[in-house]
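As a plain string of letters, each chain reads:
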Amino acid sequence: MTILGERWTFMVLREVFNGVRRFDDISRHSGIPRQVLSNRLALLVDHGILRRAPYQDPGERARHEYRLTDKGLDLYPVLVAIAAWGDRYVADPGGAPVEFAHRDCGAQVHSVLECEGGHRIEQPRDLAPRPGPGALAR
(Lines give C-alpha, C1' and ligand atoms only; values in the text may rest on other atoms or scores of the structure.)
Protein backbone atom coordinates (compact mmCIF):
# COMPACT_ATOMS: atom_id res chain seq x y z
CA MET A 1 0.00 0.00 0.00
CA THR A 2 3.05 2.25 0.16
CA ILE A 3 2.77 2.59 -3.62
CA LEU A 4 -0.99 2.48 -4.25
CA GLY A 5 -2.50 3.53 -0.94
CA GLU A 6 -2.82 7.24 -1.62
CA ARG A 7 -5.99 8.47 -3.36
CA TRP A 8 -4.23 10.61 -5.97
CA THR A 9 -2.25 7.60 -7.17
CA PHE A 10 -5.35 5.81 -8.44
CA MET A 11 -6.57 9.00 -10.07
CA VAL A 12 -3.28 9.22 -12.00
CA LEU A 13 -3.56 5.56 -12.99
CA ARG A 14 -7.18 6.04 -14.07
CA GLU A 15 -6.12 8.83 -16.42
CA VAL A 16 -3.24 6.85 -17.91
CA PHE A 17 -5.43 3.76 -18.36
CA ASN A 18 -7.91 6.03 -20.17
CA GLY A 19 -5.18 7.11 -22.58
CA VAL A 20 -4.29 10.45 -21.00
CA ARG A 21 -0.48 10.42 -20.90
CA ARG A 22 0.82 13.99 -20.79
CA PHE A 23 1.35 15.91 -17.56
CA ASP A 24 -0.78 18.93 -18.50
CA ASP A 25 -3.60 16.72 -19.78
CA ILE A 26 -3.56 14.56 -16.64
CA SER A 27 -3.61 17.70 -14.50
CA ARG A 28 -6.51 19.22 -16.45
CA HIS A 29 -8.61 16.02 -16.53
CA SER A 30 -8.08 15.04 -12.90
CA GLY A 31 -7.77 18.34 -11.03
CA ILE A 32 -4.78 16.97 -9.12
CA PRO A 33 -2.56 19.79 -7.84
CA ARG A 34 0.56 20.05 -10.02
CA GLN A 35 3.07 19.29 -7.26
CA VAL A 36 1.05 16.30 -6.07
CA LEU A 37 0.79 15.05 -9.65
CA SER A 38 4.53 15.45 -10.15
CA ASN A 39 5.20 13.48 -6.97
CA ARG A 40 2.76 10.69 -7.86
CA LEU A 41 4.14 10.32 -11.38
CA ALA A 42 7.67 10.13 -9.99
CA LEU A 43 6.58 7.47 -7.47
CA LEU A 44 4.91 5.38 -10.18
CA VAL A 45 7.98 5.68 -12.43
CA ASP A 46 10.33 4.82 -9.55
CA HIS A 47 8.32 1.66 -8.85
CA GLY A 48 8.22 0.60 -12.50
CA ILE A 49 4.47 1.04 -12.95
CA LEU A 50 4.86 3.87 -15.46
CA ARG A 51 7.71 4.74 -17.78
CA ARG A 52 8.59 8.13 -19.18
CA ALA A 53 8.60 8.37 -22.98
CA PRO A 54 9.99 11.47 -24.71
CA TYR A 55 7.92 13.48 -27.18
CA GLN A 56 8.26 16.91 -28.74
CA ASP A 57 5.57 19.04 -30.31
CA PRO A 58 6.79 21.18 -33.24
CA GLY A 59 8.49 24.33 -31.98
CA GLU A 60 8.38 23.21 -28.36
CA ARG A 61 10.93 21.78 -25.96
CA ALA A 62 11.23 18.04 -25.50
CA ARG A 63 8.93 16.66 -22.83
CA HIS A 64 7.81 13.30 -21.48
CA GLU A 65 4.57 11.43 -21.45
CA TYR A 66 3.77 8.53 -19.15
CA ARG A 67 3.04 5.02 -20.37
CA LEU A 68 2.09 1.89 -18.50
CA THR A 69 4.69 -0.83 -18.11
CA ASP A 70 3.75 -4.51 -17.90
CA LYS A 71 3.76 -4.07 -14.12
CA GLY A 72 1.32 -1.19 -14.54
CA LEU A 73 -0.92 -3.08 -16.95
CA ASP A 74 -1.20 -5.85 -14.34
CA LEU A 75 -3.17 -3.33 -12.26
CA TYR A 76 -6.01 -3.27 -14.82
CA PRO A 77 -8.11 -5.90 -12.97
CA VAL A 78 -7.74 -3.83 -9.79
CA LEU A 79 -8.98 -0.70 -11.56
CA VAL A 80 -11.91 -2.60 -13.10
CA ALA A 81 -12.85 -4.03 -9.68
CA ILE A 82 -12.69 -0.61 -7.99
CA ALA A 83 -14.78 0.91 -10.77
CA ALA A 84 -17.39 -1.85 -10.37
CA TRP A 85 -17.55 -1.20 -6.63
CA GLY A 86 -18.02 2.52 -7.27
CA ASP A 87 -20.69 1.85 -9.90
CA ARG A 88 -22.60 -0.31 -7.44
CA TYR A 89 -22.41 1.92 -4.38
CA VAL A 90 -21.71 5.54 -5.36
CA ALA A 91 -22.50 6.04 -9.07
CA ASP A 92 -24.90 8.64 -10.33
CA PRO A 93 -28.43 7.24 -10.86
CA GLY A 94 -27.93 7.90 -14.59
CA GLY A 95 -25.31 5.18 -14.73
CA ALA A 96 -21.61 4.54 -14.62
CA PRO A 97 -19.27 7.28 -15.85
CA VAL A 98 -17.16 4.76 -17.77
CA GLU A 99 -17.50 1.19 -18.96
CA PHE A 100 -14.78 -1.27 -19.86
CA ALA A 101 -15.36 -3.12 -23.13
CA HIS A 102 -13.62 -6.02 -24.85
CA ARG A 103 -11.96 -4.56 -27.98
CA ASP A 104 -12.78 -7.62 -30.11
CA CYS A 105 -16.51 -8.06 -29.45
CA GLY A 106 -17.54 -4.89 -27.60
CA ALA A 107 -19.03 -6.73 -24.62
CA GLN A 108 -18.65 -5.17 -21.20
CA VAL A 109 -15.72 -6.47 -19.11
CA HIS A 110 -15.99 -7.43 -15.44
CA SER A 111 -13.43 -8.44 -12.86
CA VAL A 112 -14.01 -11.96 -11.54
CA LEU A 113 -12.42 -14.17 -8.91
CA GLU A 114 -11.43 -17.67 -9.91
CA CYS A 115 -9.39 -20.31 -8.11
CA GLU A 116 -6.55 -22.25 -9.71
CA GLY A 117 -8.95 -25.21 -10.00
CA GLY A 118 -11.05 -23.16 -12.44
CA HIS A 119 -13.97 -22.49 -10.09
CA ARG A 120 -15.51 -19.04 -10.26
CA ILE A 121 -15.95 -17.52 -6.81
CA GLU A 122 -19.46 -16.06 -6.64
CA GLN A 123 -19.56 -14.96 -2.99
CA PRO A 124 -16.78 -13.17 -1.08
CA ARG A 125 -17.51 -15.39 1.94
CA ASP A 126 -16.36 -18.36 -0.14
CA LEU A 127 -12.77 -17.04 0.12
CA ALA A 128 -10.51 -18.04 2.99
CA PRO A 129 -7.26 -16.20 3.62
CA ARG A 130 -4.37 -18.41 4.73
CA PRO A 131 -0.65 -17.91 5.27
CA GLY A 132 1.34 -17.95 2.06
CA PRO A 133 4.90 -19.04 1.43
CA GLY A 134 6.22 -15.59 2.31
CA ALA A 135 4.41 -15.37 5.66
CA LEU A 136 6.62 -14.73 8.66
CA ALA A 137 6.52 -17.35 11.40
CA ARG A 138 5.63 -15.84 14.79
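Residues numbered from 1 in each chain as written. Predicted model: local features only at pLDDT ≥ 70, side-chain atom pairs only at ≥ 80, totals over all residues. Heavy atoms only, no water.

*Asks:* Outline the overall build of the chain, supporting the account with residue identities and numerical values.
*Replies:* Regarding its fold elements, the chain presents 5 helices and 4 strands. If you list the helices and strands of the chain from N to C, you get α-α-α-β-β-α-α-β-β. A compact globule built from 138 residues would reach a C-alpha radius of gyration of about 14 Å, whereas the chain, at 18 Å, exceeds it by more than 25%. A principal-axis box enclosing the C-alpha atoms of the chain has dimensions of 60 × 45 × 30 Å. Contacts in the chain between residues far apart in sequence, at least 24 positions, make up 41% of those at least 6 positions apart. Total accessible area on the chain stands at roughly 10,500 Å², and carbon and sulfur atoms take up 51% of it. (Helix = DSSP H or I, 4+ residues; strand = E, 2+ residues; numbered from the N terminus. Rg over C-alpha atoms; globule rule 2.2 N^0.38 Å. Contact = heavy atoms within 4.5 Å. Areas by Shrake-Rupley, 256 points an atom, 1.4 Å probe, with all protein chains shown as cover.)

*Asks:* So what's going on with the packing of aromatic side chains? Which residues, and what values?
*Replies:* Counting across every chain of the model gives 3 aromatic pairs. Ring centres of F17 and Y76 lie 4.3 Å apart, and the angle between their planes is 55°; this geometry places the pair in the tilted category. Note that F17 is positioned in helix α1 (residues 7-17) and Y76 in helix α5 (residues 76-89), a separation of 59 residues in sequence. Ring centres of W85 and Y89 lie 5.6 Å apart, and the angle between their planes is 45°; on these two criteria the pair is classed as tilted. In this pair, W85 and Y89 both sit in helix α5, 4 residues apart, roughly one turn of the helix. The exposure class of W85 is exposed, given its relative accessible area of 53%. (Phe/Tyr/Trp six-rings, centres within 6.5 Å; stacked < 30°, edge-to-face > 60°. Buried < 20%, exposed > 50% of the residue type's maximum accessible area, 1.4 Å probe, protein only.)

*Asks:* Describe the nonpolar core, and please don't skip the residues or the numbers.
*Replies:* Of all hydrophobic cores here, the largest spans 20 residues; its most connected members are V12, L13, L37, L41 and L50. Mapped onto this core, the elements with two or more residues apiece are α1, α2 (23-30), α3 (34-46) and β2 (63-68). Broken down by element, the residue count for this core peaks at 7 residues, all from α1. Setting aside its immediate chain neighbours within four residues, L13 contacts L4, L44, I49, L68 and L75. (Core = buried A, V, L, I, M, F, W, Y, C linked by side-chain atoms within 4.5 Å.)

*Asks:* Would you mind going over α1 in detail, with residue names and values included?
*Replies:* With 9 of its 11 residues buried, α1 lies for the most part within the structure. All of the buried residues in α1 are W8, T9, F10, M11, V12, L13, E15, V16 and F17. In this fold, the buried residues of α1 make contact with α2, α3, β1 (50-55), β2, α4 (70-73) and α5. The opening residue of α1 is E6, an N-cap whose side-chain oxygen sits 2.8 Å from the backbone nitrogen of W8. Looking one or two places after α1, you find G19, whose phi comes out positive at around 95°. (Polar contact = N/O pair within 3.5 Å; in protein donor to acceptor, adjacent residues only side chain to side chain.)

*Asks:* Tell me what's going on with α3, and back it up with residues and numbers.
*Replies:* End to end, α3 covers 18 Å across 13 residues, agreeing with the expected 18 Å (1.5 Å per residue, within 8%). Every buried residue of α3 is accounted for by L37, R40, L41 and L44. Buried residues along α3 cover an arc of 100° about the axis, so they all sit on one side. The exposed set on the far side of α3, more than 90 degrees from its buried face, consists of Q35 and D46. Among the structural elements, α1, α2, β1 and β2 are those in contact with the buried residues of α3. Positioned one or two residues after α3, G48 has a phi angle of 75°, which is positive. (Expected span 1.5 Å × (residues − 1). Arc of directions from axis to C-beta.)

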